[in-house]
There are 2 protein chains.
Amino acid sequence: MNSAPKHDVFQAIADPTRRKLLRLLADQEMPVTAISSHFPMSRTAVSKHLRVLAEAGLVKDKKIGRETRYHLQPEPLRELKDWLAYYERFWDNKLNLLKLLVEADDLDNIKPTGPKSL
Amino acid sequence: MNSAPKHDVFQAIADPTRRKLLRLLADQEMPVTAISSHFPMSRTAVSKHLRVLAEAGLVKDKKIGRETRYHLQPEPLRELKDWLAYYERFWDNKLNLLKLLVEADDLDNIKPTGPKSL
DNA sequence: ATAATATGAAACCATATGGTTTCAAGTTTG
DNA sequence: CAAACTTGAAACCATATGGTTTCATATTAT
């Protein structure tokens, strides 16, 4: 029941190895040994990275016989996207404005406070 | 001329204090002492965080008399945005498809490889 | 049953990180 | 000029992080 995540998404993606792991697991579901063959470090090191990703909710494991298969779980990336959204007004342009319009659930949510407000 | 950044964007935003700094400096340009008054740590600690942000290109400083004013420099966040873009196909939906259409420089760049390809 | 495979846990290590306090140096201000 | 202010650099410290090797356990294959 304690869903307090020890590692958050920001921390999880800070490491380049973990970003590569996410890419690798995006399309395929893979067991640890197969995964670790793509990295220049020990299997246990990869395993620890996988745990960090799992703690951040970015990856889920499924036990199949003696192997543990990992796969991407993209939902937590939404937090990143939301965080980024705040700053998108700073590289404001027409496409961006259109996106804001498209994405806004509520038209009142659109803040035309950018540098070149129209 | 050596523009090899010691800290990258992913690392820079991994720390919550630094994320708060970016928010603070998004709208205002502020000198170090004023900035540090918003944080429960020493001025020097804040100063070091500012340096990490500066090394990642997320913040720029400007010397005005005896004080150094910092302000946001959002461009490097684009790298984050681009990184995230890869994963957006995973929470594919109609709005997302529209965004892909809007954003694509080249129509051939649209990969309808999502779960529910239309 | 025994051997081989797949994995995680543990102990350990070097370096990075986030914080502190102290100090030196460049601006104002009186 | 002297005092006060603003800042960064340096030395230091505790803990986190990313890696290693070794060991125990569960599953599959012979």
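Details of the structure are given in the entry above.
Keep in mind that what you see is a predicted model, and the values were worked out from it rather than measured.

**A closer look at the interface of chain B and chain A**
Where the parts come together, the accessible area they lose is often given as the size of the interface. The partner chain A presents 29 residues to the 29 residues of chain B that form the contact. Contact with chain A buries surface across chain B, with B:Arg23, B:Trp83 and B:Trp91 losing the most and accounting together for 20% of the total. Between chain B and chain A we count four salt bridges in total. Where A:Glu88 meets B:Lys81, a salt bridge forms, and the shortest distance between an N and an O atom there is 3.1 Å.

**What about the relation of the copies chain B and chain A?**
Note on the identical chains: chain B maps onto chain A by a rotation of 180 degrees and an axial translation of 0.0 Å, with an RMSD of 0.1 Å. Taken together, the rotation and translation relating the two chain copies correspond to the operation of a two-fold axis. Interface overlap between copies is the fraction of interface residues in one copy that are interface residues in the other; for chain B against chain A it reaches 100%, indicating a shared surface.

**Details of the protein's contact with DNA strand C**
Neighbouring DNA strand C are 22 residues; A:Thr33, B:Gln11, B:Ser42, B:Lys48 and B:His49 lie closest to it. Of everything in DNA strand C that lies within 4 Å of the protein, sugar and phosphate atoms constitute 63%. Here A:Thr68 contributes a backbone N or O atom positioned 3.1 Å from a phosphate oxygen of DNA strand C. Secondary-structure elements contributing two or more residues to the surface near DNA strand C are α3 (32-36), α4 (43-55) and β3 (67-72) of chain A together with α4 (43-55) of chain B. Looking at the surface near DNA strand C, its residues break down into five nonpolar, 10 polar and seven charged.

Rules of the game
Residues numbered from 1 in each chain as written. Chains lettered and ligands numbered in written order. Predicted model: local features only at pLDDT ≥ 70, side-chain atom pairs only at ≥ 80, totals over all residues. Heavy atoms only, no water. Contact = heavy atoms within 4.5 Å. Buried area = accessible area lost by both parts, 1.4 Å probe. Salt bridge = Lys/Arg side-chain N within 4 Å of Asp/Glu carboxyl O. Least-squares fit on C-alpha atoms with pLDDT ≥ 70 in both. Near = heavy atom within 4 Å. Polar contact = N/O pair within 3.5 Å; in protein donor to acceptor, adjacent residues only side chain to side chain. Helix = DSSP H or I, 4+ residues; strand = E, 2+ residues; numbered from the N terminus. Nonpolar A, V, L, I, M, F, W, Y, C, P; charged D, E, K, R; others polar.

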